[in-house]
Amino acid sequence: MININMRPERKEDAPEIKKLLETIFKGDGESALVERIRNSQEYIPELSLIATFNDELVGFILMSEIKICSPNVRRTSLTLAPLAVKESYRHQGVGTQLMLAALDKASLLGYSSVITLDHHKYYSRFGFEAATTWEIEAPFNIDSDRFMGIELIPKGLSNFSGVVEYPRSWQL
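Residues numbered from 1 in each chain as written. Predicted model: local features only at pLDDT ≥ 70, side-chain atom pairs only at ≥ 80, totals over all residues. Heavy atoms only, no water.

Engineer: What is the right way to look at the overall build of the chain in this model?
Structural biologist: Broken down by element type, the chain carries four helices and nine strands. From first element to last, N terminus to C terminus, the chain shows the α and β order β-α-α-β-β-β-α-β-α-β-β-β-β. Relative to a compact globule of 172 residues, whose C-alpha radius of gyration would be 16 Å, the chain shows 16 Å and is just as compact. Judged by the C-alpha coordinates and their principal axes, the chain covers about 50 × 35 × 30 Å. A total of 172 residues make up the chain; the buried ones form 47% of that total. Long-range pairs, those at least 24 residues apart, make up 69% of the contacts in the chain between residues at least 6 apart in sequence. Total accessible area on the chain is roughly 9,400 Å²; 49% of this is exposed by carbon and sulfur atoms. Here the chain contributes 19 positively and 23 negatively charged side chains, and the mean placements of these two sets differ by 2 Å. (Helix = DSSP H or I, 4+ residues; strand = E, 2+ residues; numbered from the N terminus. Rg over C-alpha atoms; globule rule 2.2 N^0.38 Å. Buried < 20%, exposed > 50% of the residue type's maximum accessible area, 1.4 Å probe, protein only. Contact = heavy atoms within 4.5 Å. Areas by Shrake-Rupley, 256 points an atom, 1.4 Å probe, with all protein chains shown as cover. Lys, Arg positive; Asp, Glu negative; His and termini not counted. Charge placed at Lys NZ, Arg CZ, Asp CG, Glu CD.)

If you want it as structure tokens, here you go:
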């Protein structure tokens, strides 16, 4: 595991983050999503973290607010997207360090849960489980093992069920 430096992103980091995302995700979809989130009410600067190694940007993670909606209640949660690590720094603990720092910071900020999509084998290492564990559903068709959640505090998703509502910034 390499020893990275982490900090919240700064405005001047945006071009490097964009380049990282476009390289990893092979296009501008994720970088455009990040830009829309940055310009939304759901953006939380403390949960937009970069990782550097020897002053080189090697990773990025972003969590932003979503709602979990039942017929009578709208509850705030977080969503995780994206998590990106430069190819040459993968399998060296960068993603793990970013994930643990973001989850810790989210908890310190008072959030009770995080919802994410995809990569169930990776995210389950951190305690993410199928969101159906708490009767939380995606607003679109997806395999249940690819739509995941984690409680940041005990019972952070318990006694609540509903459908995740992604904000306008998530829509094309």
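Once you've had a look at it, read on.
Engineer: How should the packing of helix H1 (residues 14-24) against helix H2 (residues 29-38) be read in this particular structure?
Structural biologist: The geometry of a pair of packed helices is captured by two quantities: the angle between their axes and the separation between those axes. Their axes nearest at 8 Å, the elements H1 and H2 cross at an angle of 145 degrees. Residue-level inspection shows Ala 14, Ile 17, Lys 18, Leu 21 and Glu 22 of H1 in contact with H2, the latter providing Glu 30, Ser 31, Val 34 and Arg 38. (Axes fitted to C-alpha atoms, helices over the stretch in contact; angles between N-to-C directions.)

Engineer: I tried to follow the side chain of Thr 79 on my own but got confused; where do I start?
Structural biologist: Along the chain, Thr 79 turns up in strand S4 (residues 74-85). Among the polar contacts made by the side chain of Thr 79, one reaches the main-chain carbonyl oxygen of Ile 115 at a distance of 3.0 Å. (Polar contact = N/O pair within 3.5 Å; in protein donor to acceptor, adjacent residues only side chain to side chain.)

Engineer: Would you take a moment to explain the pairing of S4 for this structure?
Structural biologist: On a regular strand, each side chain points to the face opposite its neighbour's, so the side chains alternate between the two faces of the sheet. Among the 12 residues that make up S4, nine are buried, leaving the element largely enclosed by the rest of the structure. As paired strands, strand S3 (residues 56-69) and S4 are joined by 10 bridges and run antiparallel to one another. Paired with Met 63 across the bridge in S4 is Leu 80. Where S3 folds back onto S4 in an antiparallel hairpin, the turn is made up of four residues. Bridge count between S4 and strand S5 (residues 113-117): two bridges; the pairing is parallel. The residue bridging Thr 79 from the neighbouring strand is Ile 115, located in S5. Between the parallel elements S4 and S5, the chain passes through helix H3 (residues 94-108) in a crossover that is right-handed. (Pairing = 2+ DSSP bridges. Right-handed = clockwise from strand over helix to strand, strands pointing away.)

Fair warning: the whole summary comes from geometry, so function is off the table for now.
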